[in-house]
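What follows is the residue order along each chain.
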Amino acid sequence: MNLDALIYALDGSEFARRRLGFEPDAKQSLVLGKRVRRGLLNCSRQWGKSTVAAAKAVHQAATAAGSLVIVLGPTSRQSGELIRKASGFVQQLGIQPRGDGDNEKSLLFPNGSRIVGLPGKDGTVRGFSAVSLILIDEAARVRDDLYAAVRPMLAVSGGDLWLMSTPWGKRGFFYEEWANGGEKWERVAVTGAECGRIDPEFLAEERERQSEQFYRQEYCCEFTDSDESLFDSDVIRAAITDAVQPLALRRR
């Protein structure tokens, strides 16, 4: 392996710059740079999450021969959009994009690596093994049972897992891993105000026109309760205890 190839393998952000023609900002470089076994990306709308995910998938597939990268979204359309973006990066490498012959949304690399996009259905995500990288796009809107179904794909390979999303309430595995997943997760958060590509005037207009809850969720990376909720979810959790035993009912 020559020096450039070694640099590219170790630093995904440099690979993106020099091979894919994509100039990541500081927070995007955190996601693309070093290898992270368990990563959480909590980001504003229109930050470039799907583009970063596509670049990360191509980096893994191009620099590690025989890799299998799984891309999962809440719908087939969303995983397909990420594959489309990955196809554009593949063309930057001078490779003609083509499928693997088995999966409708897929990319096969000359080194034997594959990127496979899966729809958000439990029955169609099983059957893959020795996965090098799983990327779950819009993770807050992916069902918990799908998350449970794909995690075992990493059991033998020791592959990496990234959950990427804008928040969608205090529910689901994305929120639970972010709030309670512990130190095994590396967390990256980026608000709309931190993204130089989003016009501050646009954010000001959104804050004026949208509800406070919506704005904080979509642009401030906050896990908020619905505007229609009567009680805050944290208040409800605090009211639940295992210390009180249920009353025993007498039979007549």
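The rules behind each value
Residues numbered from 1 in each chain as written. Predicted model: local features only at pLDDT ≥ 70, side-chain atom pairs only at ≥ 80, totals over all residues. Heavy atoms only, no water. Axes fitted to C-alpha atoms, helices over the stretch in contact; angles between N-to-C directions. Helix = DSSP H or I, 4+ residues; strand = E, 2+ residues; numbered from the N terminus. Parallel < 35°, antiparallel > 145°, perpendicular 65-115°, else oblique. Contact = heavy atoms within 4.5 Å. Nonpolar A, V, L, I, M, F, W, Y, C, P; charged D, E, K, R; others polar. Expected span 1.5 Å × (residues − 1). Buried < 20%, exposed > 50% of the residue type's maximum accessible area, 1.4 Å probe, protein only. Salt bridge = Lys/Arg side-chain N within 4 Å of Asp/Glu carboxyl O. Disulfide = S-S within 2.5 Å. Core = buried A, V, L, I, M, F, W, Y, C linked by side-chain atoms within 4.5 Å. 1 Å grid on protein atoms, 1.4 Å probe; cavity = no way out; pocket = protein on both sides within 12 Å on 5 of 7 lines; lining within 4 Å. Points joined across faces, edges and corners; volume = space filled by probe spheres on them.

Let us now look at the packing of helix H1 (residues 3–10) against helix H2 (residues 12–19). Between H1 and H2, whose axes approach to 5 Å, the crossing angle comes to 120 degrees. In terms of their interaxial angle, H1 and H2 are classed as oblique. Counted together, Asp4, Ile7, Tyr8 and Leu10 of H1 and Gly12, Glu14, Phe15, Arg18 and Arg19 of H2 form the full contact between these two elements. In the contact of H1 with H2, the residues fall into four nonpolar, one polar and four charged.

What follows covers helix H4 (residues 49–63). For H4, spanning 15 residues, the distance from its first C-alpha to its last is 21 Å, which sits close to the expected 21 Å at 1.5 Å a residue. A large share of H4 lies buried, amounting to 12 of its 15 residues. For H4, the full list of buried residues reads Lys49, Ser50, Val52, Ala53, Ala54, Ala55, Lys56, Ala57, Val58, His59, Gln60 and Ala61.

One pass over the structure, following the stated rule, counts 17 salt bridges. Between Glu23 and Arg17 there is a salt bridge, with the nearest N and O atoms lying 3.0 Å from each other.

Using the criterion set out here, one finds zero disulfides in the structure. The thiol of Cys195 is unpaired, and the distance to the nearest cysteine sulfur, on Cys43, comes to 9.4 Å. Between Cys220, a cysteine without a disulfide, and Cys221, which holds the nearest cysteine sulfur, the sulfur-to-sulfur distance is 7.4 Å.

Counting residues in hydrophobic clusters, the biggest one holds 40 residues, and the most contacted among them are Leu20, Leu41, Val58, Ile115, Leu135 and Trp162. Once you skip the residues sitting within four places of it in the chain, Val58 turns out to touch Phe15, Leu20, Ala86, Phe89, Val90, Leu93, Phe109 and Ile115. Membership of the second largest hydrophobic core comes to 28 residues, among which are Leu40, Leu68, Ala139 and Trp185.

Among the secondary structure elements, Glu194 is positioned in the loop between strand E7 (186–190) and helix H9 (200–209). The exposure class assigned to Glu194 is partly exposed, which follows from its relative accessible area of 48%. For the pair Glu194 and Cys220, spaced 26 residues apart in the sequence, the C-alpha separation amounts to 9.5 Å. In this structure, Glu194 is in contact with Lys27 and Ala189, ignoring residues within four places of it in sequence.

What follows concerns the layout of surface pockets. Space inside the largest pocket adds up to approximately 420 Å³. Surrounding the largest pocket, 19 residues form its lining, Arg45, Gln46, Lys49, Ser50 and Glu138 being those nearest its centre. Of all the elements in the fold, those that place two or more residues in the lining of the largest pocket are H4 and helix H5 (76–92). Counting residues per element, the lining of the largest pocket draws most heavily on H5, at five residues. For the lining of the largest pocket, the residue count by class is four nonpolar, six polar and nine charged. Around the second largest pocket sit 15 residues that line it, and Ala9, Arg35, His59, Gln60 and Asp160 are the ones nearest its centre. Element by element, the count of residues in the lining of the second largest pocket is highest for H4, at four residues.

These results come straight from atomic positions and should not be treated as a statement about function.
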